[in-house]
Every structure is written in C-alpha cells, then in structure tokens.
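# Inside the fold
Letter by letter, the chains look like this.
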Amino acid sequence: MSLLPPGSRQPALLQTMRMRDPVHYFASLRRRYGPVFRMQLIGFPPQVVVSTAELAAEIYSTDGDGNRAGALRAGYVPWLGDYSLFTNDGEPWWRHRKLLSPALHGRSIASYPDLIAEIAAEDIRTWPLGRPFALQEHMQAITLEVTLRLVFGIRDVTQLARLRALLLTLSKASGSPLLFLMPARLRAWAEKSPLAMRIPVLPTTRTMKAGAAVDEILFAEIARRRDEADSGATDVLGRLLQARDDQGRSMSDQEIRDELLTLLEAGLETTATGLSWAFERLMRSPDVLRRLREELERGQDDSYLEAVVKEVLRLRPVITGSGRLLDKPLRLGGYEIPAGWVAIPMFSLIHQDSEAYPDPEEFRPERFLGEAAQAAQKSFLPFGGGRRYCVGAQLAMMEMKVIIREVLRRVELTAADPAPEAQRMWHVTLVPGKRAVAVAREQPLNRAPLSEEPRCPVHPAPSE
C-alpha cells in the first residue's frame, strides 16, 4: 500500500492548464481525494496540498529546520535579490527577519494612520461620480503611494514621480503570466542574454530594465539617507538604516534595497487586491455595509471594521497558498511525504472548511466577534503561518482599515453589476474578475460623517 496521498493521474501539462481557475480546481481535488492530496505542475517538484488548519500546522512545524521556503520562490522573483526575506532561508533569513520586524510593528507604525488617510483622500477626490470605474486601479494607486511615502520615504517630487512610474512598470512586467510559464533555465538565460535583452516585448526584458532603473533611484536614495544620518526617521527605509543585528552589524545597501522591493512585492498587489475584494463584497452585502457604517459613526472602536477585513480575507483570500520545499521526509495526515516535495497549506481551501466556518460561502463578519472569534482565528491564514508568518501583516491590516474608513466617509459605492465578480488569477494573486467595478456618489447631505476617532489603534501582531 502506497504511503503517498491520493491525487490526480492527469499529465502535469493538463494539471498546469487547470491552474487558470485554481480555486475551483483545488476545490474539486479536495472533494474527490479528501483533505490531503498530491498534484504535479510543470516546472515544480511534486506537491502535496492540505486543506485544514491542523494539517497546515504540521507543515509549519518544519519551519525551524526542515524546509526551504525561500529556495522555492527564488527562481520566480529574481528581481528581489539575494537578501530578500521572500527568497532567503536559514540564518540569513532569520537575521533579516529580526532586523526588519521592529520597523513594521507597534510604535514604529503608530503614526501612519493619519498619512494613510490623507493619501487615500487625495485619490478619492479624483474618482468619477455617477459612472462605472474599476476600484482596483485606485486601490493600487493608493497602496503604491503609501509604499513610496511610508516605506521608501522619498520626498523629492521629481524622483517620486519617476519611481512611481517605474514601480508600476516593474509590477506589471513581473506579473506577466508568460514570465511564470517560462521554464526556469530559459528565464535565467533570457535575463542575462544580450540577445534576449534586445527584444523589448519579452517580460524578462521589461522586468530587468525596469528593475535596473528602480535600482538607480533606490541606491541613490539609500546613499543620500546614509549621509543625512537621521536617527528620528519614521519611514521604514530610515529605520532600516539605523537597524543593527545581534553583533552590531548594519544592513548593506544591497540588503536594504532587496527588502524594500520585497515590501513592495508583498504589499502593493496583495493589499490593493484585499481592498478591492472588501468593496466588492460590501457593495453586495447591504446589511453588512449598513452595520459597518453604523459602527463607524458611533466611533467607539473598530472591532466590527476589523471583523469585516478578516472576513473578506477569509472568503476571498488574495493568495491561494504558500508552500514549503521539504528538506526531510514529513509524516502528514497519515501519509509519508518524501524530501524534495513541496508541502502547501492551501488557504483557499482552509478558509472554506465547513468545520471551522459553518456556511463558509456566506459573508459573515460576526464570525470574528465575541465567542466565535477564537475558533475562527485558528483557521485564519491569509498571512501564512509558522515562523514565516508575514512580517508586514500588522501594517497591511492597519492600511486596509484606514482606507476602508476613508472611502466610506467620502463616497457611497454601489456595484455596477449586482452579480458577484469571479476570482481570477493574476500573477500570484486572486483578483476580482472585473477589477471591482463600482459607481461612486457623494454622501447624502443628511448623513452624519463617520467619526474619525479612534483612528485604527495598533494591535499586537500575531505570533511570529
């Protein structure tokens, strides 16, 4: 009797093609094979997928010594560099984690909500009134501006405009589906070949050229900020320049550059997509929207707002899952998974577990309030888990809450089409199929403005 889990017998090519609609494909495999199943995609080692939080915890237990999550990703995001938290493993990863965490938690970001609200308000003023438009584009613009001003800390208007355009180009080029379908060796050749770099339509060419232009600005900014030696800087770049490890060593320019781009990669698309889904769900859930407005108008706390954000991220996870490349065999759900396989807690399945979330297809923020909250939180994994829990999770939650509040203060949104938008794969994120199309109108004159206090207090980050 095989100790491997069951799974599809289709060729890897056919299984890879099914990934055009990963949510439904994974759900069909879960129904057929149970909570643990295997799959094979072109360009990847064999994979085992789990669909419960308990099984996910067994995978996360290998984080200290037993997997290389960074090595699994390194070949697909080479522009992040050799020092990125996203692509690193072992002691180098742990050193960077400890250096980066203080800049993204607690008091370090306590002053951010007012500036985030100001950035959101600036963009909202440009929204068309009375006609359909794609919210996702505006959520991307807002989150990019937050990254530029709170993470990168760039003040020069000319450099800010240039970097803004280059980062958008880099994000779009690096998100090309063709880039992820290219075999690793072909992609590595295309990124280094002078011949390939003369072909402008290749996503590798666009990515590498945009990345080089971004690097020019970032390294100049890092050098300028080092000369200033501003110990009171509140942006992430300023804090990283002041950071020291256990041996008193600072981060090199290259290390800081790699982590700045990691924060862009991890935060720009994911936070913008989470916000897009939040409004897509709220526009189609009048009872939830009505209660949210009432709670915000009272201004007592943001517990219901936080529950709404969590329920959005549960029901519409931005990332399908995040794998670990196993260095050692792993016993998982009664099966023996060999070293060299990839073990994946699949968030899109875990968040649909009816044992953890009764009626999982319903948009019900009350799951995260009162006595139900503790049970709901156990299976809530939008930011991953284990040792590699997302370092920017606290900032992302703050950003989503502040921006949602600001939008509801300033406009009324309705769905251009009452039908729910489908989940569509873009890059590695699941985006609204029509980019969250909405119609905005000014708030009625007889409606009281939402209270501005309290301004999303900072909560402790979950265990890392």
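Everything quoted here is computed from the prediction, not taken from an experiment.

## Some words on the overall build of the protein
Helix and strand content of the protein: 18 helices and 11 strands. For a compact globule of 464 residues, the expected C-alpha radius of gyration is about 23 Å, and the protein comes in at 22 Å, within 12% of that figure. Judged by the C-alpha coordinates and their principal axes, the protein covers about 70 × 55 × 45 Å. Relative to its 464 residues, the protein shows a buried fraction of 55%.

## Quick notes on the pattern of salt bridges
The full count for this structure, using the stated rule, is 38 salt bridges. With its nearest N and O atoms 3.0 Å apart, the salt bridge here joins Asp89 to Arg388. Remark: Arg388 occurs in the loop between α17 (372–378) and α18 (393–410) and Asp89 occurs in the loop between α4 (69–74) and α5 (90–100); sequence separation between them is 299 residues. Between Arg95 and Glu255 there is a salt bridge, with the nearest N and O atoms lying 2.6 Å from each other. In this pair, Arg95 sits in helix α5 while Glu255 sits in helix α13 (residues 253–283), placing the two residues 160 residues apart along the sequence. A residue is classified by how much of its surface remains accessible, and Glu255, at 9% relative accessible area, is buried. A single network of salt bridges, built from pairs that share partners, joins Glu118, Glu122, Glu145, Arg149 and Arg164.

## Looking at the sheet that holds strand β2 (residues 47–50)
What the 4 strands build is an open sheet, ordered β1-β2-β7-β4; its pairing is mixed. For this open sheet the edge positions go to β1 (36–39) and β4 (324–325), each flanked by a neighbour on one side alone. Of the strand pairs in this sheet, β2 and strand β7 (residues 342–345) are connected by 4 bridges, and their pairing is parallel. Following the sheet pairing, Val50 is matched in β7 by Pro345. Running at roughly 140 degrees to β7, helix α3 (residues 53–60) makes contact with β1, β2, β4 and β7 of the sheet.

## Focus on the packing of helix α7 (residues 135–152) against helix α8 (residues 157–174)
Packing of α7 against α8 brings their axes to within 11 Å, and their N-to-C directions diverge by 125 degrees. With respect to each other, α7 and α8 are oriented oblique. In this structure, α7 meets α8 at a crossing whose hand is right-handed. Residue-level contacts link Leu144, Glu145, Leu148 and Phe152 of α7 to Leu160, Leu163, Arg164, Leu167 and Leu168 of α8.

## With respect to the side chain of Ser108
Counting through the fold element by element, Ser108 comes out in the loop between α5 and α6 (112–124). Setting aside residues up to four positions removed in sequence, Ser108 forms contacts with Pro102, Ala103, Thr234 and Arg239.

## Description of the UniProt feature "binding site: heme" (unreviewed entry) in the protein
Mapped onto this numbering, the UniProt entry gives "binding site: heme" (unreviewed entry) at Cys390. Relative to the helices and strands, Cys390 is located in the loop between α17 and α18. Residues in contact with Cys390, not counting those within four places in the same chain, are Arg97 and Phe383.

Each value, and the rule that gives it
Residues numbered from 1 in each chain as written. Predicted model: local features only at pLDDT ≥ 70, side-chain atom pairs only at ≥ 80, totals over all residues. Heavy atoms only, no water. Helix = DSSP H or I, 4+ residues; strand = E, 2+ residues; numbered from the N terminus. Rg over C-alpha atoms; globule rule 2.2 N^0.38 Å. Buried < 20%, exposed > 50% of the residue type's maximum accessible area, 1.4 Å probe, protein only. Salt bridge = Lys/Arg side-chain N within 4 Å of Asp/Glu carboxyl O. Pairing = 2+ DSSP bridges. Contact = heavy atoms within 4.5 Å. Axes fitted to C-alpha atoms, helices over the stretch in contact; angles between N-to-C directions. Parallel < 35°, antiparallel > 145°, perpendicular 65-115°, else oblique. Left-handed = near helix turned anticlockwise from the far one by under 90°. UniProt positions renumbered as here; feature names shortened; annotations may be inferred.

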